[in-house]
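Report on the structure
The chain contents come next:
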Amino acid sequence: MEENPLHPFELQNYIPISLGGLDISINKAVIMMWVVVTLVTLLMVMASSARKLVPGKLQSLAEILVDFIRGIIMDTMGKDGMRFFPLIATLFLFILFCNLLGLVPGTYTVTSQIVVTAVFAITVYGLSLVLGLVLHGIKFLPGILIPPGTPWWLVPLMVPIEFVSQVARPVSLAVRLFANMTAGHTILGVLFGLTISGGLLIGWLPFAFSVAMNGLELGIAFIQAYIFTVLTCVYLGDAFHLHGSEDHAH
Amino acid sequence: MPPSQDPFYAGLGQAVRIGTELLAALIVGGGVGWAIDNYLLESGPWGMVGGLILGAIAGVRNAYRSAQQWPKS
């Protein structure tokens, strides 16, 4: 049994499509994304179709989710942030369902592809830059590059440091989600491989571990979606309140 | 689904952030330095050395900044 534990992350094209040199073939990840989008849309549409004062099961679930996202936004951005509710709710639900559905054996975890997470992270960071430029004008750029209260002789040192720390934001956003998902599924793959090669005599031990890891992965799937959403809110909130955002958050 | 104000989940979220905060700034600093070395100035290893140092400083600064947002208890 020599199975590469990273093998499940490789993608085979089911239907090769090429559009002007651009590879838009349909593979497992694309199908999983369609499944996730369909599921989230169905859940939300069905839950809100019969709006009752006393909610049923589905409506309660949707209400808890919406209330949860609303809580994150109100905590980090305040009332201004509510106009970004559609974006943030979409991001949260998509990432959460990708993470959770990826734990079902035989499916694919879309968020374990750095392309996907990087696109999300760059979109969020780009949006926060555009938002800051629109709200504060061109003085937004020196505003984020020079922290308030910097003496003039430190400016040549602080600007490169702040530049790196700003560029690190989307990178850390993308790498965190991608690395957590990949690492978790690799560990699960290794444990299952050990189970098979261990046989009945000792194989139950890694199998028991893999069960425990699955529980941990459920938690990580939720926590990672939560962190991505919170950081999205924090970055957008920083663009809203240039400086002074650190003491308003809590 | 816990409420987002739940201190346990808020704390867990903060804790998981710190590590990648450090790492990402190092990647960016080293990457920028490497790009300057190879494409802009051909300045030997010094761009990357400076970039890594900048990245380390920026990483610590980012970690410090995110630790400042911890809920006070």
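This text gives an overview of the structure that appears in the document.

1. Looking at the overall build of chain A
The helix and strand tally for chain A stands at 8 helices and 4 strands. When the helices and strands of chain A are placed in sequence order, the string is β-β-β-β-α-α-α-α-α-α-α-α. Seen through its principal axes, chain A has C-alpha atoms that stretch 70 × 55 × 45 Å. Sequence-distant contacts, at least 24 apart, represent 66% of the contacts inside chain A between residues at least 6 apart. In the form shown here, chain A has an accessible surface area of approximately 13200 Å², with 74% of it arising from carbon and sulfur atoms. Side chains of chain A give 10 positive and 13 negative charges; the mean places of these two sets differ by 14 Å.

2. Looking at the interface of chain A and chain B
At the junction of the two partners, chain A supplies 31 residues and chain B supplies 28 residues. Of the roughly 2700 Å² buried between chain A and chain B, counting both surfaces, carbon and sulfur atoms make up 70%. Linking chain A with chain B are 3 salt bridges, by the criterion used here. Glu162 of chain A is paired through a salt bridge with Arg65 of chain B; the nearest N and O atoms lie 3.0 Å apart. Summed over the shared surface of chain A and chain B, the result is 4 residue pairs in polar contact (both at pLDDT 80 or more). Contributing elements (two or more residues each) for the side of chain A that touches chain B: helix 2 (57-76), helix 6 (155-202) and helix 7 (204-240) of chain A. Top element by residues in the side of chain A that touches chain B is helix 6 of chain A. It accounts for 13 residues. A per-class count over the side of chain A that touches chain B returns 21 nonpolar, 5 polar and 5 charged.

Rules and cut-offs
- Residues numbered from 1 in each chain as written.
- Chains lettered and ligands numbered in written order.
- Predicted model: local features only at pLDDT ≥ 70, side-chain atom pairs only at ≥ 80, totals over all residues.
- Heavy atoms only, no water.
- Helix = DSSP H or I, 4+ residues; strand = E, 2+ residues; numbered from the N terminus.
- Contact = heavy atoms within 4.5 Å.
- Areas by Shrake-Rupley, 256 points an atom, 1.4 Å probe, with all protein chains shown as cover.
- Lys, Arg positive; Asp, Glu negative; His and termini not counted.
- Charge placed at Lys NZ, Arg CZ, Asp CG, Glu CD.
- Buried area = accessible area lost by both parts, 1.4 Å probe.
- Salt bridge = Lys/Arg side-chain N within 4 Å of Asp/Glu carboxyl O.
- Polar contact = N/O pair within 3.5 Å; in protein donor to acceptor, adjacent residues only side chain to side chain.
- Nonpolar A, V, L, I, M, F, W, Y, C, P; charged D, E, K, R; others polar.

From the geometry alone we can't say anything about function, so treat these as descriptive.
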